[in-house]
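Observations on chain architecture
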Amino acid sequence: MKEFWSKRIQTMTPYTPGEQPKDQTFIKLNTNENPYPPSQQAQQAMQGAVGTALRLYPDPDGDALREAICGVYGLKKTQVFVGNGSDEVLAFAVQAFFDGIPPVVFPDITYSFYEVYAALFGVDCRTIPLDEKFTIHPEDYRGGNGGVLLANPNAPTGIGLTREEIRALLEGNPDVVVLVDEAYVEFGGETALPLIDAYPNLLVVRTLSKSHGLAGLRVGWAAGNENLIAGLNCLKNSFNSYTLDRLALAGAQAAIRDEGYMREIVSRIIRTREKTAARLAEMGFSVCPSQANFLFAAHPKASGKALQDGLRTRGILVRRWDRPRISDYLRITIGTDAEMDALCAALKELIP
Ligand SMILES: *Cc1c(COP(=O)(O)O)cnc(C)c1O
């Protein structure tokens with residue numbers, strides 16, 4: 001089966017994305033997509049970008065999109081990098097900043113793409129266990145490592161660190177890059193963006209996939225000291241000059257500028273999350289305190305697999321990992337109120 005494969009990929013175990021069913025009959029609570037549509041202004045901008053200009057390559061630097069980001073987040077253009085989804089930005093960062101000597105560190109329970117990128121790029125890594133409440137302790141990450149990779153809020157737990165805890169991590173690791181993946185930060189986390197000027201080793205990574213309802217567009221960005229941004233550009237321009245197409249650049253720019261709409265759909269999701277967390281707790285679930293657009297929950301009387309399978313039979317998809325410590329937990333994306341009603345009704349049938 002692996003005939004002609006390079007040695008590098010013969011031993012790779014790739015990341016498994018959440019299921020994307022081909023029919024739309026499922027209630028999809030398995031990939032942390034936003035239940036609300038993207039900004040109207042973003043949709044119109046993309047429609048406007050369809051035309052004869054598509055014969056031309058897009059702007060390789062994504063200047064207009066970077067200007068929009070700078071306007072909303074108070075950054076300088078030299079501090080911003082844009083890419084084809086934050087997954088691509090993370091992949092570039094792992095290659096650009098980590099040698100793996102000594103190993104790069106990240107929590108034992110986190111976004112599983114980190115270990116995949118480390119393996120693909122030959123970067124040695126070491127995991128640091130979360131405590132029994134799935135909390136990260138910054139002092140566990142102090143020195144002796146070749147870089148730090150953190151999702152904040154963490155995935156799939158939804159638990160976040162404060163900006164001061166991120167500062168402690170930066171103080172403890174002044175000689176290596178500390179990458180903070182803020183894919184979910186808009187849903188209640190504390191961003192590390194204000195620390196960029198003070199810490200030349202901080203890279204913050206963001207995405208439009210969750211907060212802006214644009215998972216289908218594939219746009220992410222990074223902010224950091226201009227030296228780090230130059231490193232990312234060096235890597236990108238050694239790989240693919242045009243990572244973002246004209247439609248994505250136009251849509252992302254308009255979506256970023258339509259900050260009010262993003263805030264509105266995010267607040268709606270937060271309200272639904274809090275209501276759903278209370279209902280799950282009432283049913284006996286232990287629910288992690290979430291600052292993201294999902295809940296991580298387990299029930300003492302039902303296995304994670306039984307619940308996941310039972311939900312699927314009832315037309316609801318959720319995510320679960322057959323991994324130590326978390327195999328009985330479901331990661332449930334926050335959908336609309338109606339979708340969460342359906343989820344709670346189905347779970348009531350499934351709990352003994
Ligand atoms: C969803 C997610 C991403 C990927 O986002 P894209 O921009 O869609 O590639 C990155 N990091 C974490 C922790 C995520 O959950």
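You'll find the structure just up there.
Since this is a predicted model, take the numbers as computed values, not measurements.

**Digging into the site of the ligand**
Around the ligand, a shell composed of Gly85, Ser86, Asp87, Leu90, Tyr111, Asp181, Ala183, Tyr184, Thr207, Ser209, Lys210 and Arg218 is seen. Thr207 places a side-chain nitrogen or oxygen 2.6 Å from an oxygen atom of the ligand. Residue Arg218 places a side-chain N or O atom 2.7 Å away from an oxygen atom belonging to the ligand. Relative to its free-state accessible area of 390 Å², the ligand is covered by the protein chains to the extent of 93%. For the shell around the ligand, the class distribution of residues is 4 nonpolar, 4 polar and 4 charged.

**Concerning the pattern of salt bridges**
Following the criterion strictly, the structure yields 19 salt bridges and no others. Close ionic contact of Arg66 with Asp63 constitutes a salt bridge, the shortest N to O distance being 2.7 Å. Here Arg66 pairs with Asp63, and both are found in helix 3 (residues 63-73), just 3 residues apart, close to one helical turn. Overall, Asp63 belongs to the partly exposed group, its relative accessible area being 29%. The shortest N-O distance in the salt bridge between Arg325 and Asp108 comes to 2.7 Å. Of this pair, Arg325 sits in the loop between strand 11 (316-318) and strand 12 (330-333) while Asp108 sits in the loop between strand 3 (104-107) and helix 5 (113-120), and the two are 217 residues apart along the sequence. Given the relative accessible area of 22%, Asp108 is considered partly exposed. Here the residues in one salt-bridge network are Asp63, Arg66, Glu67 and Lys77, joined through shared partners.

What counts and how
Residues numbered from 1 in each chain as written. Predicted model: local features only at pLDDT ≥ 70, side-chain atom pairs only at ≥ 80, totals over all residues. Heavy atoms only, no water. Near = heavy atom within 4 Å. Polar contact = N/O pair within 3.5 Å; in protein donor to acceptor, adjacent residues only side chain to side chain. Areas by Shrake-Rupley, 256 points an atom, 1.4 Å probe, with all protein chains shown as cover. Nonpolar A, V, L, I, M, F, W, Y, C, P; charged D, E, K, R; others polar. Salt bridge = Lys/Arg side-chain N within 4 Å of Asp/Glu carboxyl O. Helix = DSSP H or I, 4+ residues; strand = E, 2+ residues; numbered from the N terminus. Buried < 20%, exposed > 50% of the residue type's maximum accessible area, 1.4 Å probe, protein only.

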